[in-house]
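What follows is the residue order along each chain.
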Amino acid sequence: MITTYLLLSLLGVTAVQGWSIHIQPSGERLLNRVAGENFLVVCSVKEYEGPASNVQVNWIHNNEIIRAGGRIMTIEKPLSSQLMIVRARKEDSGDYMCQVKLDGGIKVEPAKITFIKAPKFIDPETEQHPEDGTTAEIECKVDAEPGVEIFWQFNGDTLGESTSRPYEFKDNKQILVIPRFDSKKDDGLYLCNAAQFSSFETLHINVTAYSRPSITIFESPKEDLGYEGKSAQFKCAATGKPAPSYKWFKVAEDEEIVASDLYTVEDGLLVVNSLTASNSGQYKCVATNEIGEDDQTATLKVFLKPAVEKIPSAVKEDGEEVTFTCEFTGEGKVNARFVFGEEEYKVISTTEASNEIEDKEDKDENEVEKADEDGDDDEDETTTGDAKDEEEDDEEEEKKWKRFVRDITSERVSVKEEDGVLKLTIRRLTSSDAGDYQCIVENEAGKTVRSANLAITHAPEITGFEREPVRASDGEEFKLHCEASAVPEPTWTWKRDGNEVEADGTRVTIESDTDSSTLTIKDAVKADFGSIECIAFNGVGEPAKATMTVVRVVAPATPSAPNCREHLFPNYGVCTLNAEDFESEEGDATPEEIVFYVATQDEAKEEGFDFVTQARNFTVNFNGAKMRLHGLDVNKGYFVRAIARNEAGESELSPQGTMETTDPWTPEAPIDVLVKCDTSCEVSWTEPNDHGAEITSYKIEVIEMETNEHNEVVPSGEKDEYDVDADEESFVIPSMKPNTRYEIAVIAANSIGQSSATPVTFDTPDTVTSSMSLESLSSPKMIVVIIVVILLVFLVIDVLCCFFFRCGIIACFLGCCRSDHKKSAAADLESGKAAESGRLLDGPAR
Ligand SMILES: *[C@@H]1O[C@H](CO)[C@@H](O)[C@H](O)[C@H]1NC(C)=O
Ligand SMILES: *[C@@H]1O[C@H](CO)[C@@H](O)[C@H](O)[C@H]1NC(C)=O
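Summary of the structure given here. Bear in mind the structure is a predicted one, so any value in this text is a computation, not a measurement.

Inspection of the region around ligand 2 gives Val595, Tyr597, Asn617 and Arg645 as its neighbouring residues. Within the contact set of ligand 2, an oxygen atom lies 2.8 Å away from a side-chain nitrogen or oxygen of Tyr597. Here an oxygen atom of ligand 2 sits 2.2 Å away from a polar atom, N or O, in the side chain of Asn617. Compared with its free state, where it exposes 360 Å², ligand 2 has 38% of that area covered by protein.

Written out as structure tokens, the structure reads:
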């Protein structure tokens, strides 16, 4: 019974308290949560029917109720409470409880919650580059709680030791070992997964294999040789991934070669520019990339041009002998020769010539070739062409040898060569041997040239001096210059009247060099002028001399009154001066120009008239003859005075001369008459002197010309005349024929009459068209022609009318068209009239 009660009471309690606590998630799912993430768990009351306000739900940890706010907090809802942990930590692990207070009763539900650290990749390398062909180790270091499990994936497969590709693992699978990595198959994205309890992390690793550089192309100069002054080129190319970069070193210096004037460096290319001896040595190319390097070394030997010692120049006398010695050193096949102008002197090598030599002569002394380009001697058989030179070497050698023999026996030129010394000896020198001798020494690297000058002494020869008199006046400076050719250098002296001119270094200076001398005199005084001589002397032969004149220019004397009355003109005057006025014992007093002052006699009579300031002036060049004064008025009396001028100064004003002008004359003929033709011809001219009366018009005369049977050019047509206004200076000639000769004249007219004509003969080009221009229509002659044409047309119409209607227009006007039977009479009358009027009208056309 008791048991039944207990059971009942138990049931009764249960029945009374019919609710329960529910935690979501629960049990296992609250364990080993990943730290670092947000966490949420809900505690709620189920199967409770009463009002929610009676229910209080709390979360408790470490005996404290967790409140809202903070990193660990709760949010209350009806009949439930959410526990939230923001970025949960491992330390947040522990025993939590959900407590429910309801109707004074308390119920508790425990919840164990644990957090574990999430697996973390240490220094993850997402790009890994194993070396191709080697055993690759792909790393994926993981920091995690014990129990973490690492697995690898590639191309969607999970990698195990048993897969077709034998993968291996090390260090708890933190290292994936791929034996004999083959970039073709094995390059790609590898996934490293670290799994722990309910979560896992993945690292994507991009694996691309690298390969170390390997130099596959290495080029150096042929036979390791470079030539002085030229450039040498090295080329280096390597395979490798990533693409290698290149560096060049000069082995002895062990310093990287950088681009400069000497070196061009461009990736695998190295150019050593303009080689010198110091560029010989070993050059190394190093190709480098991320995983290794490769190098190669080449040797360069710089082949130098020959070195040639300086050759002293020589000065010799006629008939003497000279020897030029050319000392040289050089590598390889060295060839030395002397060149003078077009001639070349050299020794044939022993081996080339020995076959042909007869033993009687000394080798060195005799192996001479003189290649005489002039071909001025009698060796006809030696003038072989180049082609033959090559084809018949032996024969050629023989000829050279023969030539040499002749040279040496008869000649004055010999060459010998011994141990790097080439000697050229020339005997019985003449002036034609003077000049530059070049010693040219060549080898494979190039040639070196040294020059020496041979001067043959000769007496000086003056080659330049002031041939024209030098003009100067007192106080001025003048210079005299003399040039001479002489060997040896001449000494210079200057003489005036047989006495040497002494240079004082300030007023009088003499500057001389090897081939010229200059005498300068400042602030000249009377004694400095006259005849001055330069003398060059060099101890050979006679001194050379040149005589120069220095003219002392003095101001002109005051001229006597100008003579302006010899001829009279309407609007200008012609004056002369007495040339004797300008003769002077002191020097040259000839004027350069004359200034004339001209005033009318009326003006000059005025009180206080000053010629210089008030009269008209004319500056004319003085040439000793007549001088024209333009722009005067007609029929007037003038007074004329003059001043003479030159470089040295000017004279006083002369006494006055008289001058008169006449009444106007007819104009001068037009000047500068020109004809220009294109499609038409235009004549132009310049207004002439009007001789005191204004030009009123121009007349243009045009005549067609032809050549008659006697070959004379005669007029062939009528003369056409055109009038042109006075202010025109050109005229387009109407209606010209192409390819025809014309004579054209321009005549000016003024109130006095017509000028003479200025005829011009010319041929029209075929571009000229004979069509009438508008201008030609306006000429009077043309108007007459046009009227005639109109009348003729009128007449033709009239005749036609008469023919068709038996009544002409004229007849109609006259009202004489009558009945039929009178028609013929009327027609007769009409035609008679027509004929008559035709005759009448024809008249003017003739
Ligand atoms: C892997 O790296 C290579 C170069 O290193 C690149 O070309 C390729 O696109 C990368 N692949 C991925 C999937 O990122
Ligand atoms: C000539 O006359 C002009 C003015 O008409 C004047 O300026 C000039 O100085 C004169 N020349 C001489 C040389 O007198």
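From this point, things continue past the structure.
With that out of the way, let us pick up the side chain of Thr425. Summarising the element assignment, Thr425 is placed in strand β37 (residues 421–426). According to the relative accessible area criterion, Thr425 is buried, its value standing at 12%.

The full set of residues close to ligand 1 is Glu127, Asn206 and Thr208. In this structure, Asn206 approaches ligand 1 through a side-chain N or O atom, which is 2.3 Å from an oxygen atom. Calculation on ligand 1 without its partners gives an accessible area of 360 Å², and the protein chains cover 35% of this total.

Right, let's get into a nonpolar patch on the surface. Together, Val785, Val789, Val793 and Ile797 give the surface a local cluster of nonpolar side chains, amounting to about 310 Å² of exposed area. Position of Val789 relative to the elements: it lies in helix α10 (residues 780–805).

A word on the packing of aromatic side chains. Enumeration according to the criterion identifies 17 aromatic pairs in this entry. With centroids separated by 4.1 Å and ring planes inclined at 5°, the aromatic side chains of Phe154 and Tyr190 adopt a geometry described as stacked. With Phe154 in strand β15 (residues 149–154) and Tyr190 in strand β19 (residues 188–196), this pair connects stretches of sequence that are 36 residues apart. Each member of the aromatic cluster is reached from another via a ring pair, and the members are Phe218, Phe234, Trp248 and Tyr283. For the cation-ring pair, Lys107 lies above Trp19, with the distance from its terminal atom to the ring centre recorded as 4.5 Å. Positioned above the aromatic ring of Tyr572, the side-chain terminus of Arg628 is 4.0 Å from the ring centre.

Strand order in the open sheet formed by 4 strands is β1-β3-β7-β6, and the pairing between neighbours is antiparallel. The sheet is open, and its two edges are formed by β1 (20–24) and β6 (72–77), each paired on a single side. Strand-to-strand twist across the sheet, computed as the mean angle between neighbouring axes with direction ignored, equals 20°.

Let us look at unusual backbone geometry. Keep in mind that most residues, glycine aside, have a negative phi and that most peptide bonds are trans. Omega for the bond connecting Lys241 with Pro242 falls within 30 degrees of zero, at -5°, which places this linkage in the cis form. Structurally, Pro242 is set in the loop between β23 (232–241) and β24 (245–250). Following Val487, the chain continues into Pro488 via a peptide bond in cis, with omega recorded as -5°. Among the structural elements, Pro488 can be located in the loop between β42 (478–487) and β43 (491–496). The phi dihedral of Asn63 is positive, around 65°, even though this residue is not glycine. Counting through the fold element by element, Asn63 comes out in the loop between β4 (55–61) and β5 (64–65).

Another aspect to go through is the sheet that holds strand β56 (residues 671–677). Sheet architecture is open: 3 strands sit in the order β56-β57-β60, paired in antiparallel fashion. The strands lining the two open edges of the sheet, one partner per strand, are β56 and β60 (730–733). Ignoring strand direction, the axes of neighbouring strands in this sheet form an average angle of 20°.

For side chains bearing opposite charge, pairing can occur when the charged atoms are close. For the structure on display, the rule yields 26 salt bridges. A salt bridge links Arg337 to Glu344, with the nearest nitrogen and oxygen atoms 3.2 Å apart. Classification of Arg337 as buried rests on a relative accessible area of 15%. Here Glu344 falls in the partly exposed class, since its relative accessible area comes to 24%. Notably, a salt bridge pairs Glu701 with Lys699, separated by 3.8 Å at the nearest N-O pair. You'll find Glu701 and Lys699 in the same group, each marked buried.

Within the secondary structure, Ser44 is located in strand β3 (residues 39–46). Its relative accessible area of 13% is what places Ser44 among the buried residues. Those residues in contact with Ser44, other than ones at most four positions away along the chain, are Ser20, Ile21, His22, Leu79 and Ser80.

Let's shift gears to the state of the cysteines. Evaluation of the coordinates by the stated rule reveals 7 disulfides. Note on cysteine connectivity: Cys236 is disulfide-linked to Cys285, with sulfurs 1.9 Å apart. Judged by the torsion about the S-S bond (-75°), the Cys236/Cys285 disulfide is left-handed. With Cys236 in strand β23 and Cys285 in strand β28 (residues 281–289), the pair connects residues that are 49 residues apart, well separated along the chain. Given a relative accessible area of 4%, Cys236 falls into the buried group.

Calculation rules
- Residues numbered from 1 in each chain as written.
- Chains lettered and ligands numbered in written order.
- Predicted model: local features only at pLDDT ≥ 70, side-chain atom pairs only at ≥ 80, totals over all residues.
- Heavy atoms only, no water.
- Near = heavy atom within 4 Å.
- Polar contact = N/O pair within 3.5 Å; in protein donor to acceptor, adjacent residues only side chain to side chain.
- Areas by Shrake-Rupley, 256 points an atom, 1.4 Å probe, with all protein chains shown as cover.
- Helix = DSSP H or I, 4+ residues; strand = E, 2+ residues; numbered from the N terminus.
- Buried < 20%, exposed > 50% of the residue type's maximum accessible area, 1.4 Å probe, protein only.
- Patch = residues over 30% accessible without salt bridge, like charges linked within 9 Å, V, L, I, M, F, W, Y side chains within 5 Å.
- Salt bridge = Lys/Arg side-chain N within 4 Å of Asp/Glu carboxyl O.
- Phe/Tyr/Trp six-rings, centres within 6.5 Å; stacked < 30°, edge-to-face > 60°.
- Lys NZ or Arg CZ within 6 Å of the ring centre and 35° of its normal.
- Pairing = 2+ DSSP bridges.
- Axes fitted to C-alpha atoms, helices over the stretch in contact; angles between N-to-C directions.
- Contact = heavy atoms within 4.5 Å.
- Disulfide = S-S within 2.5 Å.

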